[in-house]
Amino acid sequence: MSNGFVFSRRSEESLRGVNPKLQAVVRRALQLSKVDFIVIEGLRTAERQRQLLAERKTKVSHSKHQDGLAVDLFPVGGTWKAAEFFPLRDAMFAAASEQGVTLRWGGDFNGDGHTVGNDNWDCPHFELR
Ligand SMILES: [Zn+2]
């Protein structure tokens, strides 16, 4: 059974240079996902990280994105509500579990299972632990 979701050219370009284990999780997650999603960012240059820091769009000077160890995903048609990311989280963690990979999700950085508090400011973000 397949949901028929296929990555766009943009998503494929965003996956370029991303750690192969993480790429495999993202590709499997698309097969498992109940909602279609795009990969908005993968590998990031140091220059872009500095720019994001200057714009206060990130909190760290060195991101796992720069090492190809993080991806940002966004549900097609999403409006930035946290709940819209739950199906992505479920698909990503299911795929990671299948492949023996441990993930951290930006919607719950401390992994306590709650999406409230100060650790949920980056819902699109998934990184290898
Ligand atoms: Zn990110």
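Conventions used here
Residues numbered from 1 in each chain as written. Predicted model: local features only at pLDDT ≥ 70, side-chain atom pairs only at ≥ 80, totals over all residues. Heavy atoms only, no water. Helix = DSSP H or I, 4+ residues; strand = E, 2+ residues; numbered from the N terminus. Rg over C-alpha atoms; globule rule 2.2 N^0.38 Å. Buried < 20%, exposed > 50% of the residue type's maximum accessible area, 1.4 Å probe, protein only. Contact = heavy atoms within 4.5 Å. Donors = N, O, S within 2.8 Å, 3.2 Å for Na, K, Ca; no water. 1 Å grid on protein atoms, 1.4 Å probe; cavity = no way out; pocket = protein on both sides within 12 Å on 5 of 7 lines; lining within 4 Å. Points joined across faces, edges and corners; volume = space filled by probe spheres on them. Nonpolar A, V, L, I, M, F, W, Y, C, P; charged D, E, K, R; others polar.

Caption draft 1: Main features of the overall build of the protein chain. Counting its secondary structure elements, the protein chain contains four helices and four strands. Helices and strands in the protein chain line up, N terminus first, as α-α-β-α-β-α-β-β. Taking 14 Å as the expected radius of gyration for a compact globule of 129 residues, we find that the protein chain reaches 14 Å, a close match to that expectation. In terms of overall dimensions, the protein chain has a C-alpha envelope of 45 × 30 × 30 Å along the principal axes. Within the span of the protein chain, comprising 129 residues, buried residues form 40% of the whole. Across the protein chain, contacts joining residues at least 24 apart in sequence account for 61% of those joining residues at least 6 apart.

Caption draft 2: Focus on the coordination of the zinc ion. Binding of the zinc ion to the protein goes through His65 (NE2), Asp72 (OD) and His125 (ND1), at separations of 2.0 to 2.1 Å. Sequence spacing of the donor residues for the zinc ion, all on one chain, is H-x6-D-x52-H. Each member of the pair, His65 as well as Asp72, carries the same accessibility label: buried.

Caption draft 3: Representation of the environment of Ala29 within the structure. Here Ala29 is to be found in helix α2 (residues 20-32). Note: C-alpha distance between Ala29 and Thr58 (29 residues apart in sequence) is 25 Å. Among residues more than four places away in sequence, those in contact with Ala29 are Phe37, Ala91, Met92 and Ala95.

Caption draft 4: Region of interest: the layout of surface pockets. What the largest pocket holds in volume is close to 540 Å³. Of all the elements in the fold, those that place two or more residues in the lining of the largest pocket are β1 (37-41), α3 (46-54) and β4 (125-128). Across the lining of the largest pocket, the residue classes break down as nine nonpolar, six polar and ten charged.

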